[in-house]
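# Architecture and fold: a report
Take a look at the letters that make up each chain.
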There are 2 protein chains.
Amino acid sequence: MTTPLIVVADNLQITNPVIAKALEKEDPKPIVEIVKMCVEKGAQAIDINSGPLTKTPEKMAFLVDVVQDVTDLPILLDTSNPKALEAGLTQCRNKTIINGFSLEPEKLKYILPLAKKYNTQIIGYLLYPNSHVPSDETGRMNVALQLFEEFQKMDMAPDQLIIDPIIAPVLWENGNQQDMGIISLIRNLPDLLGFEVATIAGISNLTSGKGPKPKKKILEASFTGMLAGAGLHMALMNMLHHMTLDTIRACNALSSEMIFAWDAV
Amino acid sequence: MTTPLIVVADNLQITNPVIAKALEKEDPKPIVEIVKMCVEKGAQAIDINSGPLTKTPEKMAFLVDVVQDVTDLPILLDTSNPKALEAGLTQCRNKTIINGFSLEPEKLKYILPLAKKYNTQIIGYLLYPNSHVPSDETGRMNVALQLFEEFQKMDMAPDQLIIDPIIAPVLWENGNQQDMGIISLIRNLPDLLGFEVATIAGISNLTSGKGPKPKKKILEASFTGMLAGAGLHMALMNMLHHMTLDTIRACNALSSEMIFAWDAV
């Protein structure tokens, strides 16, 4: 199956000093501006990457409030801190997705159960229990099987799981070979797990690090087309990357169930 | 498996009046210019689409000579006329690919045996015996199985077969749904036939007919990325379509077995 890619904005990141300062002061305005931009550019969900918020987990509730006052799009709560997660989960009226868990023991113990408790979807990263990234497709397949096994122990519906294979930056050793393993993995996951499991990929990872900007743009857009062709469901991306957005728009005009229209491209 | 896409130029077409006139006069110059342009832009094989050459099948030998005097790239002999094909096959020193056969009785009887006789690769179109195009993935899968059965009767090596699923123009009724069926088919063909069968797609078909040029470019490039992500092996394309070439270059920088280099993008 090839369905239209769902665009998830990754623009709300605590690593952005504008966001960090706004959060510190609890000033909604700069955050509202970014969320409005994402909505205008066609985001279909907003990822709130708050970082761990170790000392102030309650601030996740503030972030959720700012976002849901602008839009009723689904919100991804992107933090490794279970307290911050729960503050967001109790505050959020919009559809909520937990981002996310993995085979890391702390995540299995404290994050995965929150998806059960709050009946949300949850993203599962393909990471080893020691937080390392598998180096090839076979490694990712094995982790996906173990992750699904852990997920099933919670007695949740299969469509609550979204798998993130973790895109490798091309500048990593064998990064591009790993990413081609991910393309193949996405093609094979439905056979491997026995159902059309949802998948998400953090597109911006591909070109992180040094590189010429125009080539980064074409590489990211082309890779996004490949991911769409492999059967990816959700693209977590920077809404300011127009070439990637244009590519997704074109892919989605093709994979839509509507009659084709040039206006959709 | 995802391997770099092989770029096949579709620019030598008898439907181009420049080519038609050059062929009529047996004037190599305009043909040489087009072939040189294709080679400069990175074509890895040249398709000679001569039409049926009903009255002058021997002219295929002239076309082959003009091309092989410019380049030693593989040549695809693209005609439904077995006499023209054989004239090309006997003349061609370069690697030769027959383009192609199908379940149509005349093609099975007169074209397929030429691949056996001259020990070449041959492209098999997914068409019904009555020349109709299957309307969905299941239809194409059934035709692929029958085509492979007919191919096997000739006792040729599996890697001599290249399957062309026939891209549907988006302006056809359900054209885009058909093309998404093709994306899925390309993903599934290795499982279906039990080996990594080679595939080719005529990219220009997608946007044939009316439509705004800039949107045609982005649609073709994005769809090519999807085909690469699905596992396509060869793209038959117009070498003047730069956005599609840029996309293939980027996809191939990722799927290359070489260490990633920005220079390759």
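Now for a look at the structure at hand.

Cut-offs applied
Just so you know, the residues in each chain are numbered from 1, in the order the chain's sequence is written. Note on labels: chains are lettered from A, ligands numbered from 1, in written order. Residue-level local features of this predicted model are given only where pLDDT is at least 70; pairs of side-chain atoms are given and counted only at 80 or more, and the full residue set underlies all totals for whole chains, interfaces and linings. Only heavy atoms go into the side-chain values, all of them from the structure, while hydrogens and water stay out. We superpose the copies by least squares over the C-alpha atoms of residues that have a pLDDT of at least 70 in both of them. Only heavy atoms matter for contacts: two residues are in contact if any of them lie within 4.5 Å across the pair. Geometry of aromatic contacts follows a simple scheme: Phe, Tyr and Trp rings, the Trp one being its six-membered ring, pair when their centres are within 6.5 Å, and the pair is stacked under 30 degrees between planes, edge-to-face over 60, tilted otherwise. The helix and strand labels rest on DSSP assignments: H or I over at least four residues marks a helix, E over at least two residues marks a strand, and numbering proceeds from the N terminus. Burial classes: relative accessible area under 20% of the type maximum marks a residue as buried, over 50% as exposed, and values in between as partly exposed (1.4 Å probe, protein chains only). Put simply, buried area is the surface a 1.4 Å probe can reach on two separate parts but cannot reach once they are joined, added for both. Within this document, salt bridges are pairs made up of a side-chain nitrogen of Lys or Arg and a carboxyl oxygen of Asp or Glu, the two lying within 4 Å of each other. Throughout this entry, Asp, Glu, Lys and Arg are counted as charged residues, while Ala, Val, Leu, Ile, Met, Phe, Trp, Tyr, Cys and Pro are counted as nonpolar. The remaining residues, Gly among them, count as polar. Summarising the geometry, the arc corresponds to the directions from the helix axis toward the C-beta atoms. For this analysis, a polar contact is any N or O atom pair within 3.5 Å, provided that within protein one partner can donate a hydrogen and the other can accept it, and provided that sequence-adjacent residues contribute only side-chain to side-chain pairs.

## Thoughts on the relation of the copies chain B and chain A
- For these two chains of identical sequence, chain B goes onto chain A by a turn of 180° and a shift of 0.0 Å along the axis, with RMSD 0.0 Å. The symmetry that links the two subunits is that of a two-fold axis.
- Residue by residue, 100% of the interface of chain B is reproduced at the interface of chain A, so both copies engage with the same surface.

## Quick notes on the packing of aromatic side chains
- This model, assessed by the stated rule, comprises six aromatic pairs over all chains.
- Here the aromatic rings of A:Phe148 and A:Phe195 are separated by 5.2 Å at their centres, their planes lie at 35°, and the arrangement is tilted. Taken as a pair, A:Phe148 in helix 6 (residues 137-153) and A:Phe195 in the loop between helix 7 (175-193) and strand 7 (198-202) lie far apart in primary sequence, 47 residues in all.
- Under the relative-accessibility criterion, A:Phe148 is labelled buried at 10%.
- Here the aromatic rings of B:Phe148 and B:Phe151 are separated by 6.3 Å at their centres, their planes lie at 15°, and the arrangement is stacked. Placement of the pair is B:Phe148 and B:Phe151 together in helix 6 (residues 137-153), with a separation of three residues, close to one helical turn. A single burial state applies to B:Phe148 and to B:Phe151, both of which are buried.
- Here the aromatic residues A:Phe148, A:Phe151 and A:Phe195 are joined through ring pairs into a cluster of three or more.

## Focus: the interface of chain B and chain A
- Across the boundary between the two partners, chain B contributes 42 residues, which contact 42 residues of chain A.
- Overall, the association of chain B and chain A removes approximately 3300 Å² of surface from exposure, summing both partners, and the carbon and sulfur fraction of that is 66%.
- Counting across the interface, chain B meets chain A through zero salt bridges.
- Broken down by secondary-structure element, the contributors of at least two residues to the side of chain B that touches chain A are helix 7 (175-193), helix 8 (213-230) and helix 9 (242-255) of chain B.
- When the residues that make up the side of chain B that touches chain A are grouped by side-chain class, the tally is 21 nonpolar, 13 polar and eight charged.

## Side note on helix 1 (residues 17-25) of chain A
All names here are of chain A.
- Of the residues making up helix 1, those classed as buried are Ile19, Ala22 and Leu23. Each buried residue of helix 1 lies within a common arc of 100° when the element is viewed along its axis, so the set occupies one face. Along helix 1, exposed side chains directed more than 90 degrees from the buried face belong to Pro17, Lys21, Glu24 and Lys25.
- Each element contacted by the buried residues of helix 1 is listed here: strand 1 (6-13), helix 2 (28-40) and helix 3 (59-70).
- Of the residues that open helix 1, the one with a side-chain oxygen 2.9 Å from the backbone nitrogen of valine 18 is asparagine 16.
- Just past helix 1, the residue glutamate 26 takes up positive phi, approximately 50°.

The values reported here are purely geometric and, on their own, carry no functional implication.
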